[in-house]
Amino acid sequence: MKSRKVTKAVFPVAGMGTRFLPATKSIPKEIMTLVDRPLIQYAIDEARAAGIKEFIFVTSRGKSALEDYFDHAPELESTLKRAGKTDLLETLKSTNMDSGAIAYVRQNRPMGLGHAVWCARRLVGNEPFAVLLPDDVIAAEKPCLQQMVEAYEATGGNMVAAMEVPPAKASSYGVLDIDEDMGNMVRAKGMVEKPKAEEAPSNLAVIGRYILSPKVMTNLNKMKQGAGGEIQLTDAIAEEIGPEGTGVYGFRFRGQRYDCGSKAGFLQATVAFGMSRPDLQEEFTSYLHDVVAQQKAAQ
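Residues numbered from 1 in each chain as written. Predicted model: local features only at pLDDT ≥ 70, side-chain atom pairs only at ≥ 80, totals over all residues. Heavy atoms only, no water.

Q: So what's going on with the overall build of the protein chain? Residues and values would help.
A: In terms of regular secondary structure, the protein chain is built from 11 helices and 13 strands. For a compact globule of 299 residues, the expected C-alpha radius of gyration is about 19 Å, and the protein chain comes in at 20 Å, within 12% of that figure. Counting only C-alpha atoms, the protein chain reaches 60 × 55 × 40 Å along its principal axes. Out of the 299 residues belonging to the protein chain, those deemed buried represent 47%. In the protein chain, which carries 36 positive and 37 negative side-chain charges, the distance between the mean positions of the two groups comes to 4 Å. (Helix = DSSP H or I, 4+ residues; strand = E, 2+ residues; numbered from the N terminus. Rg over C-alpha atoms; globule rule 2.2 N^0.38 Å. Buried < 20%, exposed > 50% of the residue type's maximum accessible area, 1.4 Å probe, protein only. Lys, Arg positive; Asp, Glu negative; His and termini not counted. Charge placed at Lys NZ, Arg CZ, Asp CG, Glu CD.)

Here it is, written out as structure tokens:
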């Protein structure tokens, strides 16, 4: 029997972005641009490609610029129209969200990712839903969440995006304990949040894309504190493993993930996306070659 369609997505964007201070003193981290699009736009575009119709943002104080970004800008649109800048007008229109398609809820205390997702429980209701973390930007021919939605049609339950990481980095992720490996997908028999390298059950780490059963919200209702004293989403998902649960699958997506929550990852993504853009590729690649040549000469 096929699963119900996934049409709702939760975007946890309440974080303060302290790793990017002082830039994030006045603007939300999610508005920071990767080439010429904010991080949040990449997540929204990925969700749209996967068939998401309702977008739920979990925000906090100081995020009003994020809400304004998705609103219409009549004066700017009129100026572009009068100037005949139709290409820029189309680009601008792609950032608009239809009335009623987007909703905002506040997380008033920083209590972890699980708590942030729980804040959206009433808007999610009794339906399967996706969660996208905008810090994880994934370059892929077919968007990552779209790949997952297609695989989810056959499995149902809960699905997390997963990728292999070096054992030394396992402590930065939720890690899957694998019951059955089916190639691009694994069935999990356990999940561990940020294990020590020597205690990690595998090197298959969970990254910021999820398709979850509404039962996960029921599990989050228990408000169990996990690693770091926070309400961990991983723990709530792990409760769905076993004969009485809805099942948990790890999906090995096709694409390159960039951790734009770190400065190094953000810079790596900027270079990769800049080099892949036809309008920037030649000039930007030439510049990078010159920089490398100058550094080698200086050494």
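Q: Can you break down the pattern of salt bridges residue by residue, with the values?
A: Counted according to the given criterion, the structure contains 15 salt bridges. As a salt-bridge pair, Lys 29 and Asp 135 come within 2.8 Å of each other at their nearest N and O atoms. Taken as a pair, Lys 29 in the loop between strand E1 (8–12) and strand E2 (33–34) and Asp 135 in the loop between strand E6 (129–132) and strand E7 (136–139) lie far apart in primary sequence, 106 residues in all. Take Lys 29: its relative accessible area is 11%, and that puts it in the buried class. The shortest N-O distance in the salt bridge between Glu 30 and Lys 63 comes to 2.9 Å. Of this pair, Glu 30 sits in the loop between E1 and E2 while Lys 63 sits in the loop between strand E4 (54–59) and helix H2 (64–69), and the two are 33 residues apart along the sequence. Through salt bridges with shared partners, one network takes in Asp 36, Arg 277 and Asp 279. (Salt bridge = Lys/Arg side-chain N within 4 Å of Asp/Glu carboxyl O.)

Q: Please give an account of the layout of surface pockets that cites residues and values.
A: Of the pockets and cavities examined, the second largest pocket occupies roughly 300 Å³. Together, 16 residues line the second largest pocket, and Asp 36, Arg 37, Thr 91, Ser 94 and Arg 277 are the ones closest to its centre. When residues of the lining of the second largest pocket are traced back to their parent elements, those giving at least two are strand E3 (37–38), helix H1 (39–49), helix H3 (74–82), helix H4 (86–93) and helix H10 (263–276). Considering only residue class, the lining of the second largest pocket consists of eight nonpolar, five polar and three charged. (1 Å grid on protein atoms, 1.4 Å probe; cavity = no way out; pocket = protein on both sides within 12 Å on 5 of 7 lines; lining within 4 Å. Points joined across faces, edges and corners; volume = space filled by probe spheres on them. Nonpolar A, V, L, I, M, F, W, Y, C, P; charged D, E, K, R; others polar.)

Q: Describe unusual backbone geometry, listing the residues and the values that go with them.
A: The omega torsion across Leu 21 and Pro 22 is 10°, close enough to zero to call that bond cis. Phi angles above zero are rare outside glycine, and Val 35 is one such case at about 65°. Along the polypeptide, Val 35 turns up in the loop between E2 and E3. At Lys 194, a position not held by glycine, the phi torsion is positive, near 50°.

Q: Lay out the nonpolar core in plain terms, naming residues and giving numbers.
A: The biggest cluster of nonpolar side chains holds 38 residues, and the ones touching the most others in it are Phe 11, Ile 40, Phe 55, Phe 57 and Leu 145. Where this core is concerned, the elements lending two or more residues are E1, H1, E4, E6, helix H7 (144–155), strand E8 (158–164), strand E11 (204–212) and strand E12 (248–252). Per-element accounting of this core gives the leading share, six residues, to H7. Those residues in contact with Leu 145 that lie beyond four places of it in its chain are Glu 46, Ala 47, Ala 50, Ile 52, Ala 130, Leu 132, Tyr 210 and Ile 211. Counting residues in hydrophobic clusters, the runner-up holds 32 residues, among them Val 58, Leu 133, Tyr 210 and Leu 233. (Core = buried A, V, L, I, M, F, W, Y, C linked by side-chain atoms within 4.5 Å. Contact = heavy atoms within 4.5 Å.)

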